[in-house]
Amino acid sequence: MTMTDPVADFLTRIRNASAIRRDVVEMPISKMRTALAIVLKDEGFITDYALESEPKPGKLTIKLKYDQDGSRVIRAIKRMSKPGCRRYIGVQEIPKVANGQGISILSTTKGIVSGRKAKELGVGGEILATVM
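Predicted model only: the values in this text are computed from it and were never measured.

Asks: Which residues make up the pairing of strand E3 (residues 59–64), and what are the values?
Replies: Pairing of strand E1 (residues 24–28) with E3, which is carried by 5 bridges, proceeds in the antiparallel orientation. Within E3, the residue paired with glutamate 26 across the bridge is threonine 61. Where strand E2 (residues 46–52) lies against E3, 6 bridges are found, and the strand directions are antiparallel. Its bridge partner lying in E3, glutamate 52 is registered against lysine 59. Counted between consecutive antiparallel strands, the loop separating E2 from E3 contains 6 residues, among which glycine 58 sits at a positive phi close to 80°.

Structural data, given as structure tokens:
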């Protein structure tokens, strides 16, 4: 079966693993998923990620992050732009998620970056997801 939306698959795997308090989540490796994991790590939503390419297809392992009291750091993760309805925004339209406590993830000409980084770079793009 072919995957039509790898970003939605990535977000759903993280959402489901976080909901049942898993420490790690594994998924097939791709450049898009790796870039999303880098953004989540840079913004402090996951502890770490690892790329394992020994088996033929390879896998991406993400270590989820929890607070001292055991509550989830990723409380909500939502896909914004979908394959059937792409959403493109300019630099002035980048949303402030959860009054600055969350992030938006954009696909720009400078790569996949957080909304904060996109504002610094002065670029807009396709808004992939929001994380709170």
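Back to the write-up after that little detour.
Asks: Give a description of the environment of lysine 59 that names residues and reports values.
Replies: Mapped onto the elements of the fold, lysine 59 is located in strand E3. On the basis of relative accessible area, lysine 59 is assigned to the partly exposed category, the value being 26%. With 19 residues separating them in the primary sequence, lysine 59 and leucine 40 have C-alpha atoms 17 Å apart. Residues within four places of lysine 59 in sequence aside, it is in contact with Glu26, Met27, Pro28, Ile29, Ala50, Leu51 and Glu52.

Asks: How would you sum up the layout of surface pockets? Please name residues and give values.
Replies: One simple way to see leftover space: roll a probe sized like a water molecule over the atoms. By volume, the largest pocket amounts to about 170 Å³. Lining the largest pocket, in full, are Glu43, Ile94, Pro95, Lys96, Val97, Gly100, Gly102, Ile103, Ser104, Gly115, Arg116 and Lys119. When residues of the lining of the largest pocket are traced back to their parent elements, those giving at least two are strand E6 (103–108) and helix H3 (115–121). Among the elements that take part in the lining of the largest pocket, H3 stands out by supplying 3 residues, more than any other. Looking at side-chain class alone, the lining of the largest pocket contains 4 nonpolar, 4 polar and 4 charged residues.

Asks: Can you lay out the pattern of salt bridges for me, pointing to particular residues and giving the numbers?
Replies: Between side chains of opposite charge, pairing is possible as soon as their charged atoms come close. Scanning the entire structure with this criterion turns up 8 salt bridges. The residue arginine 13 makes a salt bridge to aspartate 9 at a minimum N-O spacing of 3.0 Å. Separated by 4 residues within a single helix, arginine 13 and aspartate 9 lie in helix H1 (residues 6–19), roughly one turn from each other. Owing to a relative accessible area of 29%, arginine 13 belongs among the partly exposed residues under this scheme. Where lysine 59 meets glutamate 52, a salt bridge forms, and the shortest distance between an N and an O atom there is 3.7 Å. Here the salt bridges share partners, and the residues they tie into one network are Asp9, Arg13 and Arg33.

Asks: So what's going on with the nonpolar core? Residues and values would help.
Replies: Side chains of a nonpolar character, in soluble globular proteins, are inclined to be buried together. Of all hydrophobic cores here, the largest spans 25 residues; its most connected members are Phe10, Ile14, Leu40, Ile62, Ile105 and Val131. The element contributing the most residues to this core is H1, with 5 residues. Ignoring sequence-local partners within four residues, the contact set of isoleucine 14 consists of Val25, Met27, Leu40, Ile62, Leu64, Ile74 and Ile77. Ranked by size, the runner-up nonpolar core spans 8 residues in total, among them Leu106, Val113, Ala118 and Ile127.

Calculation rules
- Residues numbered from 1 in each chain as written.
- Predicted model: local features only at pLDDT ≥ 70, side-chain atom pairs only at ≥ 80, totals over all residues.
- Heavy atoms only, no water.
- Pairing = 2+ DSSP bridges.
- Helix = DSSP H or I, 4+ residues; strand = E, 2+ residues; numbered from the N terminus.
- Buried < 20%, exposed > 50% of the residue type's maximum accessible area, 1.4 Å probe, protein only.
- Contact = heavy atoms within 4.5 Å.
- 1 Å grid on protein atoms, 1.4 Å probe; cavity = no way out; pocket = protein on both sides within 12 Å on 5 of 7 lines; lining within 4 Å.
- Points joined across faces, edges and corners; volume = space filled by probe spheres on them.
- Nonpolar A, V, L, I, M, F, W, Y, C, P; charged D, E, K, R; others polar.
- Salt bridge = Lys/Arg side-chain N within 4 Å of Asp/Glu carboxyl O.
- Core = buried A, V, L, I, M, F, W, Y, C linked by side-chain atoms within 4.5 Å.

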